[in-house]
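Read off the chains here:
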Amino acid sequence: MQQSNHNACILVIFGATGDLTSRKLMPALYDLEFKNALHGHFRVIGFARRKKTNEEYRKEIFDSIKKFSKMKVKNDVWERLRDKIHYHQSEFRDFDGYMRLDRFIEKISGQKSKNCNKVFYLAASSEFFEVIVDNLKKAGLAFKGSREPYHRVVFEKPFGNNLKSAAKLNDIIGKSFDEEQIFRIDHYLAKELVQNLLVLRFANSMFEPLWNYKYIDHVQITVAEDLGVEKRGSYYDKAGALHDVMQNHMLQLASLVAMELPVSLNAADIKEEKVKVLRSIEPFSVKEVHNITARGQYGEGKISGKKAAAYKDEEGVGKKSYTETFAALKLKIDNLRWTGVPFYLRTGKRLRERVAEIYVVFKQSTPVLFHEHLKNSELNMLIVRIQPEEGISLQFNAKVPGAKILIEPVRMDFCHECKFGPNTPEAYERLLNDVMLGDSTLFTSWGEVENSWKLIDTITKAWQGKKPKFPNYEAGSCGPREADALIEKDGRKWIEPQKPSYSVLLENNHKK
Ligand code: BG6
């Protein structure tokens, strides 16, 4: 990534002491600094409620960078970034805090705040989005339509907590900002292997002709985490897996797998095709929800041999919580390409391992010649491993050596890191840089947000109407039995992630 005048900017992070800032945003800024991609005049201001000095804040940030950055922590890089970090204490609702912010920007940049490029990153709970946007406008810190210097605003997901609140929020911010100033985050879009999906599909003549109901039996998408809710219990208990991951990351992945060839690589054209997928999802009623979904909540268990608490005992979570920490969903896309091909999505916390994979499962080959031999074999599959150990695998049938015909599935693996090296930008590193460049390709449009809430609202309504028996899966397991039942009733099984063949190689490389 190159340093450019675009990132001579003031980045203000609302929610600067939260989990997202320490886990993702600051490590991403460190990685950008490491690659010399932050301009000398770039400054980041942490805006948060707690009282603390600059020095205290910088120390906390250094600790999280040491913990979460993928890059080596080097003193000279840290010192460069450290000098760019500032802390501004204020309540989000306190207008005076914004007036002080205006003066603070002038002080640290040496020029009037109105002359600075500014990015406002709302890494706070969405209940504060409205008041923050309002105060920014009233204090003259941001205005509609500015190009030079630019004023941009970034919203963390979830954008709203249902269609109604999301639409209201969209209207409000539309009064203060033009669409091109608004960046709605879904960080999965910036993961390298997710970006690779378009290339895989549309730059390879061998996949596209097979990418339809004639050859594909079904698609599975798994986003599993071994982590629990960490320090985000009070947020998560209101969101659950459905709103936290299914409404955004999972539906985005499904749209990228299912979309038609966009007219161009232009952000608007790609988004338009994704919206069409969301709008083509076969509608379902509240009554039908139990047929196409499964949910779960973890109880006590063990993760990598260590005892893990039940969800209800996590900090910030209600003792009687009915919030799901696992969600599975079966979708059908009602268009020419996908008639009759189910998409099975599942996501959850405190599962056996952290892994995100897409499986495109092909139909059984016409079993004329090998009818008997293929009976118990597995289906051909294309597997996109989003994380960890990013890569793409193709599973096909091969002959086992010997006189008799025995068939076994084998995998051919492409290891992303082995080919392109370990320094592929992390999702947030890419996104922060793109906001400063003004490139919204990897952000979501209002149409995408709107249509995903339409689907999810029906599920929320059905789930709220019926109390589940929770907990129903152990921390460290593969999820609830109900999720297995969801796919098994169609005569299929969840595909359990396998370590790719190159994982030993990567492990050895990382030890060096
Ligand atoms: C976030 C969710 O959007 O994605 C978190 O809010 C989740 O709950 C995270 O842990 C997973 O992201 P990643 O990049 O670690 O897979």
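A brief structural summary. (Residues numbered from 1 in each chain as written. Predicted model: local features only at pLDDT ≥ 70, side-chain atom pairs only at ≥ 80, totals over all residues. Heavy atoms only, no water.)

## What about the overall build of the protein?
Assigned secondary structure in the protein consists of 15 helices and 18 strands. A compact globule built from 512 residues should have a C-alpha radius of gyration of about 24 Å, and the protein, at 24 Å, falls within 12% of that. Across its three principal axes, the protein shows a C-alpha extent of roughly 80 × 50 × 50 Å. Residue burial in the protein is summarised as follows: out of 512 residues, 54% are buried. If you take every contact in the protein between residues at least 6 apart in sequence, the share linking residues at least 24 apart comes to 78%. (Helix = DSSP H or I, 4+ residues; strand = E, 2+ residues; numbered from the N terminus. Rg over C-alpha atoms; globule rule 2.2 N^0.38 Å. Buried < 20%, exposed > 50% of the residue type's maximum accessible area, 1.4 Å probe, protein only. Contact = heavy atoms within 4.5 Å.)

## Re the pattern of salt bridges
Within the structure shown, the criterion is met by 37 salt bridges. Between E429 and K35 there is a salt bridge, with its nearest N and O atoms 2.6 Å apart. With E429 in helix α12 (residues 427–437) and K35 in the loop between α1 (19–34) and β2 (43–48), this pair connects stretches of sequence that are 394 residues apart. A salt bridge links E426 to K70; its shortest N-O distance comes to 3.3 Å. Taken as a pair, E426 in the loop between α11 (416–420) and α12 and K70 in the loop between α2 (54–68) and α3 (75–82) lie far apart in primary sequence, 356 residues in all. Taken together, the shared-partner salt bridges connect R201, E208, E260 and R337 into one network. (Salt bridge = Lys/Arg side-chain N within 4 Å of Asp/Glu carboxyl O.)

## Details of the sheet that holds strand β6 (residues 182–184)
Overall, parallel pairing links the six strands, which are arranged β3-β2-β1-β4-β5-β6 in an open sheet. Looking along the sheet, the strands with just one partner apiece sit at the ends: β3 (85–89) and β6. Pairs of neighbouring strands in the sheet enclose a mean axial angle of 20°, with direction left out of account. Bridge analysis of strand β1 (residues 9–14) against strand β4 (residues 117–122) gives six bridges, and the strand direction is parallel. What sits directly across from L11, in β4, is V119. Lying on the sheet, α1 is in contact with β1, β2, β3 and β4; it crosses β1 at an angle near 165°. Sheet contacts for α12: β1, β4, β5 (151–155) and β6; angle to β5, the most-contacted strand, approximately 150°. (Pairing = 2+ DSSP bridges. Axes fitted to C-alpha atoms, helices over the stretch in contact; angles between N-to-C directions.)

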